[in-house]
Each structure stands twice: as structure tokens, then as C-alpha cells.
Amino acid sequence: MTNHKVENGRRKFLLTVSGGIAGLAVGSLPARVLAQPAGGPPLNISTIGAGREGGALGALFVKAGHRVMFSSRHPDTLKGLVDEVGPLARVGTVAEAVEFGDVVLVVVPYTAMEQIGRDYGNALAKKVLVIDVSNPIARRDGTEIVKWVDDHGGRA
Ligand SMILES: NC(=O)c1ccc[n+]([C@@H]2O[C@H](COP(=O)([O-])OP(=O)(O)OC[C@H]3O[C@@H](n4cnc5c(N)ncnc54)[C@H](OP(=O)(O)O)[C@@H]3O)[C@@H](O)[C@H]2O)c1
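Residues numbered from 1 in each chain as written. Predicted model: local features only at pLDDT ≥ 70, side-chain atom pairs only at ≥ 80, totals over all residues. Heavy atoms only, no water.

### Quick look at the overall build of the chain
- Of the regular secondary structure elements, the chain holds eight helices and five strands.
- Listed by position from the N terminus, the elements making up the chain come as α-α-β-α-β-α-β-α-β-α-β-α-α.
- Residues classed as buried in the chain amount to 40% of the 156 residues present.
- Taking all contacts inside the chain whose residues are at least 6 apart in sequence as the whole, residues at least 24 apart take part in 60%.
- Total accessible area computed for the chain in this model is approximately 8800 Å², and 56% of it derives from carbon and sulfur atoms. (Helix = DSSP H or I, 4+ residues; strand = E, 2+ residues; numbered from the N terminus. Buried < 20%, exposed > 50% of the residue type's maximum accessible area, 1.4 Å probe, protein only. Contact = heavy atoms within 4.5 Å. Areas by Shrake-Rupley, 256 points an atom, 1.4 Å probe, with all protein chains shown as cover.)

Written out as C-alpha cells, the structure reads:
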């Protein structure tokens, strides 16, 4: 896969998702989201990817009282994490996580974004909020893609 292809996939993914978010008028947000944003009723939050970053972020949301579904392509491996995080945490497949969350955290290696956008972009575009923290890292993704993103105004 070329860097250009990955970046185009990511751009398409972000455009689809941001278009969906922009299309959501405030009036269409679930009442429970509007009612009390801080310290209010619990939200359904899901993570696509539950490694170092997704595991830590999801655990913080559970600590704040929200229901969190952790997912990866191998959900069976996440049982220990969920047992540790507590009863508000659960495990699902990526498709189940996309379905479950009002808010979805995308926390995967940068090179996985194209496939996630292709498979779940339309569904994610209907979410209240999608947070993507993925970025290319030279030691994992190679220096070429990091340079390409930097050269095109992104931040690695
Ligand atoms: N913005 C920031 O400040 C910041 C800080 C730290 C990390 N990050 C970024 O966050 C992302 C995750 O980093 P990490 O350290 O948490 O990585 P990690 O520990 O390697 O975890 C990656 C997770 O993504 C899952 N995954 C991989 N490919 C997938 C796919 N195609 N579909 C669904 N899930 C997939 C993996 O599970 P399976 O292999 O079981 O599917 C794993 O749960 C990276 O892009 C990293 O650069 C950003």
C-alpha cells in the first residue's frame, strides 16, 4: 500500500466522518447527551483498538462512569483488560463496537485507517462523535509514511 493510498483512504474516512458529524444538527443529538454534558448520565463509548492507548483511554472513561465496549480484530484477547477495568466495561467485535458507541474512539495503527474507513465509514458518519488519535510512527509504520504525512501538512 502506498503512502498516498493510505493518506487518501484516511482523508476519505475523515471526510465521511466529519461530514456526518457536521450534518448532525445540535437538535438531533440524543437528549441524554444534551442534558448534562459533564457529570451527567453515562454514555455508551466504544474503542476500535484496545492496545496501550485504547485500553488506557477506555479505562479512564469507565472510571468516569461511562459504559465502554473495547474492541479489536481479536476480541477474545481483551478479556483480561475488561475484567481489570470493571463491570462497566465489555468486549465486542469491531462491528459490535461501531454499533454500541454514541462516541467512538479510533485507536489503531495509522495504516489500519483505510480499511476501517472502507468497512465502517458510513456507520461512523452517523455517530455523535468520532475521536481518531491514530498517527504514523516511524518505528512501526516506517519513515517514509511519516515524511509523507509531514510533507502534506499532517503531524506524525
Ligand atoms: N495522538 C496521541 O497522542 C497518541 C498517543 C499514543 C498513541 N497514538 C496513536 O494511537 C494509535 C494506537 O496506538 P497504541 O499504542 O494503542 O497501539 P497498540 O498498542 O499497538 O494497539 C493497537 C490496537 O489496534 C488494534 N487494531 C489493529 N489493526 C486493527 C484493525 N484493522 N481493525 C481494528 N483494530 C485494529 C489492535 O488489536 P488487534 O491486532 O487485536 O486487532 C490493538 O488493539 C496509533 O496510531 C498511535 O500512533 C496517538
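### Considerations on the site of the ligand
- If you check the shell around the ligand, you find 23 residues, and the closest are E53, R73, V108, Q115 and N135.
- E53 has a polar backbone atom sitting 2.8 Å from an oxygen atom of the ligand.
- Isolated, the ligand exposes 910 Å² of accessible area, and the fraction of that covered by the protein chains is 76%.
- With three residues, helix α3 (residues 52-63) is the single largest residue contributor to the shell around the ligand.
- A per-class count over the shell around the ligand returns 11 nonpolar, eight polar and four charged. (Near = heavy atom within 4 Å. Polar contact = N/O pair within 3.5 Å; in protein donor to acceptor, adjacent residues only side chain to side chain. Nonpolar A, V, L, I, M, F, W, Y, C, P; charged D, E, K, R; others polar.)

### Structural notes on the sheet that holds strand β4 (residues 103-106)
- Spatially, the five strands line up as an open sheet ordered β3-β2-β1-β4-β5, and their pairing is parallel. Each having just a single partner strand, β3 (89-92) and β5 (129-132) make up the two edges of the open sheet. Sheet twist, expressed as the mean angle between neighbouring strand axes with direction ignored, is 20°.
- Relative to strand β2 (residues 67-71), strand β1 (residues 44-48) runs parallel, the two sharing five bridges. Bridge assignment links N44 to a residue of β2, and that residue is R67.
- Packed onto the sheet, α3 meets β1, β2, β3 and β4 and runs at close to 165° relative to β2. (Pairing = 2+ DSSP bridges. Axes fitted to C-alpha atoms, helices over the stretch in contact; angles between N-to-C directions.)

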